[in-house]
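Given next are the chains, with one letter for each unit.
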Amino acid sequence: MGLFDAFKKKETVSTLAAVNASDDDIVAIADGRLIDVTTVSDPMFAEKMMGESIAFRYDADKITFCSPANGTISALFPSGHAFGVTMKNGTELLVHIGIDTVNSKGEGFKLLGKKQGDTVKAGDPVVEADLKKLSKKNDMPVMLIVTNSSEHAVKFIDPCTVAHGQKVNL
């Protein structure tokens, strides 16, 4: 093991580039894999009880999760495990990081300076999560939910590898 090998651990935070998204676009919140939400371990999410949804999986130890759309931060849990964005067209999006992570009481999460009521652009950093730490106690899919999908129909792309800022709605 060389002198600098200890610094080469897989503890990467997504590199964030500016996202040019329209006000109707919903984008990937980080580099990862979009998966079928029906495969996640929590029935509330898997059965889409909160609304039309997709989920993501990530390999990096730490990830910076970004706004999935242009809009306003409509909810930001102090624990960092979830946040909501209301798009200009009224579509309400909820990003929920992991299963039962509310019980972590904020450990493993870092809020990145946004607060409820702030205007955000798609791709703006909102929360950093230490997935390595959180995955010791929690299953860590990340769900993106349209909480008012009965009023705002949204269709998502099929499961695939996605890049931060990539459009995920049709």
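Here goes a summary of the coordinates provided. (Residues numbered from 1 in each chain as written. Predicted model: local features only at pLDDT ≥ 70, side-chain atom pairs only at ≥ 80, totals over all residues. Heavy atoms only, no water.)

### Side note on the layout of surface pockets
Then comes step 1: Its boundaries defined by the atoms lining it, the largest pocket holds a volume of some 190 Å³.
Then comes step 2: D100, N103, S104, E107, K133, L134, K137 and N138 together form the lining of the largest pocket.
Then comes step 3: Split into classes, the residues belonging to the lining of the largest pocket amount to one nonpolar, three polar and four charged.
Then comes step 4: Empty space within the second largest pocket amounts to approximately 150 Å³.
Then comes step 5: Lining the second largest pocket are 14 residues, with K48, E52, S53, I54 and I157 positioned closest to its centre.
Then comes step 6: At the level of elements, β1 (32-35) and β2 (52-57) are the ones that each hand at least two residues to the lining of the second largest pocket.
Then comes step 7: Ranked by residue count, the leading element in the lining of the second largest pocket is β2, at three residues. (1 Å grid on protein atoms, 1.4 Å probe; cavity = no way out; pocket = protein on both sides within 12 Å on 5 of 7 lines; lining within 4 Å. Points joined across faces, edges and corners; volume = space filled by probe spheres on them. Nonpolar A, V, L, I, M, F, W, Y, C, P; charged D, E, K, R; others polar. Helix = DSSP H or I, 4+ residues; strand = E, 2+ residues; numbered from the N terminus.)

### Points about the pattern of salt bridges
Then comes step 1: Scanning all chains against the criterion turns up seven salt bridges.
Then comes step 2: The shortest N-O distance in the salt bridge between D25 and K167 comes to 3.4 Å. Placement of the pair is D25 in the segment before β1 and K167 in the segment after β11 (160-162), with a sequence separation of 142 residues.
Then comes step 3: Judged by its relative accessible area of 13%, D25 is buried.
Then comes step 4: Close ionic contact of K115 with D118 constitutes a salt bridge, the shortest N to O distance being 3.5 Å.
Then comes step 5: Given a relative accessible area of 53%, K115 falls into the exposed group. (Salt bridge = Lys/Arg side-chain N within 4 Å of Asp/Glu carboxyl O. Buried < 20%, exposed > 50% of the residue type's maximum accessible area, 1.4 Å probe, protein only.)

### A short note on the environment of V120
Then comes step 1: You can see V120 is positioned in strand β8 (residues 119-120).
Then comes step 2: Take V120: its relative accessible area is 2%, and that puts it in the buried class.
Then comes step 3: The spacing of V120 and M87 is 33 residues in sequence and 9.5 Å in space, taken between C-alpha atoms.
Then comes step 4: The contact partners of V120, leaving out residues within four places of it in the chain, are S67, A69, N70, G71, T72, I73, V85 and K114. (Contact = heavy atoms within 4.5 Å.)

### Some remarks on the packing of aromatic side chains
Then comes step 1: Summed over all chains, the structure comprises two aromatic pairs.
Then comes step 2: Judged by centre distance (6.2 Å) and plane angle (25 degrees), the rings of F56 and Y58 are stacked.
Then comes step 3: The exposure class assigned to F56 is buried, which follows from its relative accessible area of 0%.
Then comes step 4: Owing to a relative accessible area of 10%, Y58 belongs among the buried residues under this scheme.
Then comes step 5: For the pair Y58 and F65, a centre-to-centre distance of 5.3 Å together with 70 degrees between the ring planes defines the contact as edge-to-face. (Phe/Tyr/Trp six-rings, centres within 6.5 Å; stacked < 30°, edge-to-face > 60°.)

### Examining the side chain of N148
Then comes step 1: In this fold, N148 is placed in the loop between β10 (142-146) and β11.
Then comes step 2: Taking relative accessible area as the criterion, N148 reaches 6% and is therefore assigned buried.
Then comes step 3: At 2.9 Å, the side chain of N148 forms a polar contact with the backbone oxygen of G90.
Then comes step 4: When neighbours within four sequence positions are excluded, N148 is seen to be in contact with G90, T91 and E92. (Polar contact = N/O pair within 3.5 Å; in protein donor to acceptor, adjacent residues only side chain to side chain.)

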